[in-house]
Amino acid sequence: MKKAAANKCSIVVILFLFPFTQGCLGPVKELYPRDSDQRNISIYIVSHGWHAGIAVPTNEIPTDVWINDDALPPVDFIEFGWGDAGYYQARQVTLGLILRASFWPTPSVLHIAGFASPVPQYFSASQVVEVRISEEGMRELAKFIAGYFQVDDEGYAIPDGDGLYGTHNSFYKAETYYYLPKTSNTWTARALRSTGAPVTPLYGLTSGNVMYQARRVGTVVGE
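This one's a predicted model, so the numbers in the text were calculated from it and none came from an experiment.

How each quantity is defined
- Residues numbered from 1 in each chain as written.
- Predicted model: local features only at pLDDT ≥ 70, side-chain atom pairs only at ≥ 80, totals over all residues.
- Heavy atoms only, no water.
- Pairing = 2+ DSSP bridges.
- Helix = DSSP H or I, 4+ residues; strand = E, 2+ residues; numbered from the N terminus.
- Axes fitted to C-alpha atoms, helices over the stretch in contact; angles between N-to-C directions.
- Contact = heavy atoms within 4.5 Å.
- Buried < 20%, exposed > 50% of the residue type's maximum accessible area, 1.4 Å probe, protein only.
- Phe/Tyr/Trp six-rings, centres within 6.5 Å; stacked < 30°, edge-to-face > 60°.
- Arc of directions from axis to C-beta.

## Side note on the sheet that holds strand 3 (residues 77-84)
Point 1. One open sheet accounts for 8 strands, arranged 6-7-4-3-2-1-5-8; its pairing is antiparallel. Both edges of this open sheet fall to strand 6 (159-162) and strand 8 (219-222), since each of them pairs with a single strand only. Along the sheet, successive strands turn relative to each other by an average axial angle of 30 degrees, direction set aside.
Point 2. Two elements, strand 1 (residues 41-47) and strand 5 (residues 128-133), share 6 bridges in a ladder whose sense is antiparallel. Along strand 5, the bridge assignment pairs Ile-45 with Val-129.
Point 3. Packing of helix 5 (residues 135-146) onto the sheet brings it into contact with strand 1, strand 2 (52-57), strand 3, strand 4 (106-115) and strand 5, and relative to strand 1 it is tilted by some 45 degrees.

Pasting the structure below:
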């Protein structure tokens, strides 16, 4: 028993210290070219306080790497977020939900919010950072997000309730479990990293860090 407890403690210590022993990740040159003219697509990282999401222009999502288009509403922009199913969908957050999401692997969901207004205008009360990426980076981002949808036998996303905001919004069942340190914010950082941008997802446990890293590679365009 003591040996097992010691092993668990060692794992916790390693998980805690690991981010601080790693350098910041550099750009993936094939996806994130040094020449900014080759990064001609704007995506947006949006802070919602405790959580950061990622918004993209719908017409830039390559449909050949996407799931069936029921999860692409007819709007100009879509914001995506991922998180614990119970906590993310709760209309009233309780201590029990927080503890459950923090200490046990739990089912997860994707949140989709579609809207027509420019992203900084739609999220006028939030900090918004614009990041310019390449077409290849956008393709990898679409593949990353699409890979999180649970799909039925015909390849359609599985709805899981109404979303929180947006003219077209919904929750969808997601493939993976939520657990610390795999948070909604590290998911957004990983999504941004999939574009080849020089960000380090391990550091992105909080929305504040995700926004800090986004500002280093992008431009603040909201609030």
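From this point, the narrative continues.
## Looking at the side chain of Thr-183
Point 1. Among the structural elements, Thr-183 can be located in the loop between strand 7 (168-178) and helix 6 (184-194).
Point 2. In this structure Thr-183 comes out as buried when scored by relative accessible area, which is 6%.

## Description of the packing of aromatic side chains
Point 1. For the coordinates displayed, the defined rule picks out 14 aromatic pairs.
Point 2. Ring geometry for Trp-82 and Tyr-148: centres 6.0 Å apart, planes at 70 degrees, overall edge-to-face. Within this pair, whereas Trp-82 is found in strand 3, its partner Tyr-148 is found in the loop between helix 5 and strand 6, the two being separated by 66 residues in sequence.
Point 3. Each residue in the set Tyr-44, Phe-77, Phe-115, Tyr-122, Phe-123 and Tyr-165 is aromatic and connected to the rest through ring pairs, giving one cluster.

## A look at helix 7 (residues 207-217)
Point 1. All of the buried residues in helix 7 are Ser-207, Val-210, Met-211, Gln-213, Ala-214 and Val-217. Looking straight down helix 7, one finds its buried side chains confined to an arc of 165 degrees; they lie on one side.
Point 2. Taken together, the buried residues of helix 7 touch strand 1, strand 2, strand 5 and helix 6.

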